[in-house]
Amino acid sequence: MSAVLLEDRLGTTWKKPPLISNPTLRWGLFIAAAVYLVLATASIDVNWSRVAEGLSRGWAFIASFFNPDFVSRGTDIRDGILESVIITVASTVVGILISIPIGLGAARNIAPLPVYLICRGIVALSRALNEIIVAILLVAIFGFGPLAGFLTLSFATIGFLAKLLAEDIEEMDKVQAEAIRATGSTWMQWINYGVQPQVMPRLIGLSMYRLDINFRESAVLGLVGAGGIGATLNTAFDRYEFDTAAAILLIIIVTVMVLEYLSGIIRAKVQ
Amino acid sequence: MLELKNLSKTYRTGDKALQNVTLTVPKGQVMALIGPSGAGKSTLIRCINRLVEPTSGSVILDGTDVTALGSGALRKMRRKMGMIFQQYALVERLTVMENVLSGRLGYVGFWRSYFRKYPQADVDEAFRLLDRVGLLAMADKRADELSGGQRQRVGIARALIQNPRLLLVDEPTASLDPKTSRQIMRLICELCAERDLAAVINIHDVALAQMFVERIVGLKAGELAFDGKPVEMTEDVLTNIYGEEDWHATIREVDDEDAEAEEPVA
Amino acid sequence: MPVSQNASGAKIWQLRNRNQTLARWAAYLAGVAVFMWCWQRISDATTWFFVWDAPRIAADIGGRAWPPRWSYMDKLWGPLWDTLNMATLGTLLALVMAVPVAFLAARNTTPSATFIRPIALFIIVATRSINSLIWALLLVAVIGPGVFAGLLAIAFRSIGFCAKLLYEAIEEIDPTQVEAITATGASRWQVMAYGIVPQIMPAFAGISVFRWDINIRESTVLGLVGAGGIGLQLQSSLNTLAWPQVTLILIVILAAVVIGEWVSAKVRGAII
């Protein structure tokens, strides 16, 4: 069936064909990676004596996980967590509401080009700016407090949800949408009957996921004064109150676990 | 050579997949195992090399009780049993050659296999087998680039490079078109004859089984329901195994078979 | 039951019956009430005077922040290099730790589903529920400020993320390929190397690049809590209200993020 003869191959060694067939490129990439790694590692100066000194503190911190202190700063923790939850809920709701029209606009198969470009621009801007940087700017503009945190997370939610929603719409089954359009429906009816049922389960799943992310993010907003538990956590670390810090981290971890569990149930239900 | 004694398997769900199956396969015999879906054909084959642990009974290969072996000895025993799968079960992202050589895993150490440094004798044998199944030119192609029939041939080569005494073949043709199915069945039977291998072939295409094998065993709900030569396979027997249906066409097909000229597989 | 009869006996069709409709409205009402309450709390904690003043302040900051102080760029190359290193080495370190965790967490490869799997799952949840900034805060407190703390923060945060995606990929592999390798008489490690690893390689590569992209973003801000990188410059510029420098740093961060995303898209395209 081919020109390859058994006699030619017998007795020859066999090697796995390399991933990159061009040897120059292969070795070039390999050497470049090696050089980078050496340079990068060398440029990180680790103050080992400081690290060694810190190890005992690290152990103290790990130990405090088994003996967390929820009480001595109980009010701070309670207020902080409550504020984090409030920011999370409010920003997720507002973020979802705004990201639906933007997501529709950012899907090339249903939006006209100018709308598409504007919506994609908003998405790109929201995704490129780190939450913490947005929070810093908003705190500078609106003053300290949960409003800045709420606005930050709403804005971040838009970039996340609208992008994924748009991608989902772009990948939907065209035939179903066409069938609805063929009935003579209006644009809103078409979205409602032809598009919405296809993307709804994923939208709900993503919203739950975003709720989870927003809660985790809301825990750091306090570091820059945008409300939530972060301020308390920061103070705890500054004062080396590891037992209080451990308590806060445990609350965050447990909340995230509960949220994940809930979102698993909800996602299983809608799909 | 292969003896099954009172082999039973009950799954944790309570399904009795096999009940007291007793069977002997002599050296060099190619035996087909037929039966409806869920009759326990796959379970039977997997109990032989203990990919599925039998609940009770024993499997004896060349005088050794496979069911009594510890994990190290079981691995050594598995080398003697080549297995061919329905969905080919090639490691899709490895090359054809690596897939064939993976049949030698039971013989080489971990690091040797990890760095793909197989003994030259194994490499030569792999080339010979690939040549025999007609895929020598494909040695360095990735398995997912091959067609169904070609993949199954790689699967056959992988089973044979183990230098087995017995082939366990699970629905080799279920994913193939009719012509390729015949070629694959013919190849398996020829190779068994060349190497004097015994084989247990699960198959639900009864006509295809009758065409190639010397003995047919029927399973029904985990129990033996038929054991005989292909010619003894009558409509009554099929009705007993599969249930009421017009079997006439299925059996007749066997008679008109050999007219078709097929290209040689190798 | 969508089809029911009205008072005059004629059949009418409704998507939901009365109880379902009521339950739905109750759920909506509860949702709106919760949201309004949250908003109320946020509103109470806000000094609205500042908010009404916001446009003026924004304009003021904007006016002072432009043009960016381009000459400051000389001092940014070093921190930028540190940022890249924190992201890259942090990702590598995370992958080294994430791979064993993922194998211990996947149902089909874990040595013990009752003892070891829950521990692995806890490591995954714990590391990924804590934001990298908090990890940095913690590590700066423990081992002192600097790039090393940032690198470890990135690494720890990424363990859970990578291990989660990887163990999901492991659970989705085709079991017959593993079965086939087992049937050849291969040892446990050989089954791993031949049956499982090739199947998860594409997912592994994709996850690494994806996480690296995210880590580039995250490592730009770790300096805010003293963990090295360009965030340090951002922090000091903010503290001194040097807005033109802040603008320049933000532009540089934005450029780094865009380049990072572009590189990761290219690499992912090349792998898959």
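See the structure printed just above.
Since we're looking at a predicted model, the values are computed, not measured.

Q: Give me the interface of chain C and chain B: which residues, what numbers.
A: Each partner contributes to the interface: chain C provides 18 residues, whereas chain B provides 29 residues. Summing both partners gives a buried area of about 2,000 Å² for chain C against chain B, and 63% of it is carried by carbon and sulfur. Of all residues in chain C, Thr184, Gln190 and Tyr194 of chain C give up the largest surface area on contact with chain B, accounting jointly for 33% of the area buried on that side. Between Glu179 of chain C and Arg46 of chain B there is a salt bridge whose closest N-O contact spans 2.7 Å. Where chain C packs against chain B, one counts 9 residue pairs in polar contact (both at pLDDT 80 or more). Elements supplying a minimum of two residues to the side of chain C that touches chain B: α7 (175–183) and α8 (188–219) of chain C. For the side of chain C that touches chain B, the class distribution of residues is 9 nonpolar, 8 polar and 1 charged.

Q: Describe the environment of Gly35 of chain B, listing the residues and the values that go with them.
A: Residues and elements named next belong to chain B. Here Gly35 lies in the loop between β3 (30–34) and α1 (41–48). Along the chain, Gly35 and Val217 lie 182 residues apart, while their C-alpha atoms are 8.5 Å from each other. Setting aside residues no more than four positions away along its own chain, Gly35 makes contact with Lys41, His204, Leu219, Ile241 and Tyr242.

Q: How would you sum up the interface of chain C and chain A? Please name residues and give values.
A: Accessible area lost during the coming together of the parts is what is often quoted as the interface size. Contact residues are listed per partner, giving 56 residues for chain C and 53 residues for chain A. Summing the contributions of chain C and of chain A, the shared interface buries around 4,700 Å²; its carbon and sulfur component is 77%. One can count 2 salt bridges joining chain C with chain A. Between Arg128 of chain C and Glu260 of chain A there is a salt bridge, with its nearest N and O atoms 2.2 Å apart. Run the count over chain C and chain A and you get 12 residue pairs in polar contact (both at pLDDT 80 or more). Grouping the constituent residues of the side of chain C that touches chain A by class yields 42 nonpolar, 7 polar and 7 charged.

Q: Describe in detail the side chain of Ser102 of chain B, supporting the description with residues and values.
A: Residue placement: Ser102 of chain B occurs in the loop between α3 (96–101) and α4 (110–114). Among residues more than four places away in sequence, those in contact with Ser102 of chain B are Tyr118 and Arg158 of chain B together with Ile181, Thr184 and Tyr194 of chain C.

Conventions used here
Residues numbered from 1 in each chain as written. Chains lettered and ligands numbered in written order. Predicted model: local features only at pLDDT ≥ 70, side-chain atom pairs only at ≥ 80, totals over all residues. Heavy atoms only, no water. Contact = heavy atoms within 4.5 Å. Buried area = accessible area lost by both parts, 1.4 Å probe. Salt bridge = Lys/Arg side-chain N within 4 Å of Asp/Glu carboxyl O. Polar contact = N/O pair within 3.5 Å; in protein donor to acceptor, adjacent residues only side chain to side chain. Helix = DSSP H or I, 4+ residues; strand = E, 2+ residues; numbered from the N terminus. Nonpolar A, V, L, I, M, F, W, Y, C, P; charged D, E, K, R; others polar.

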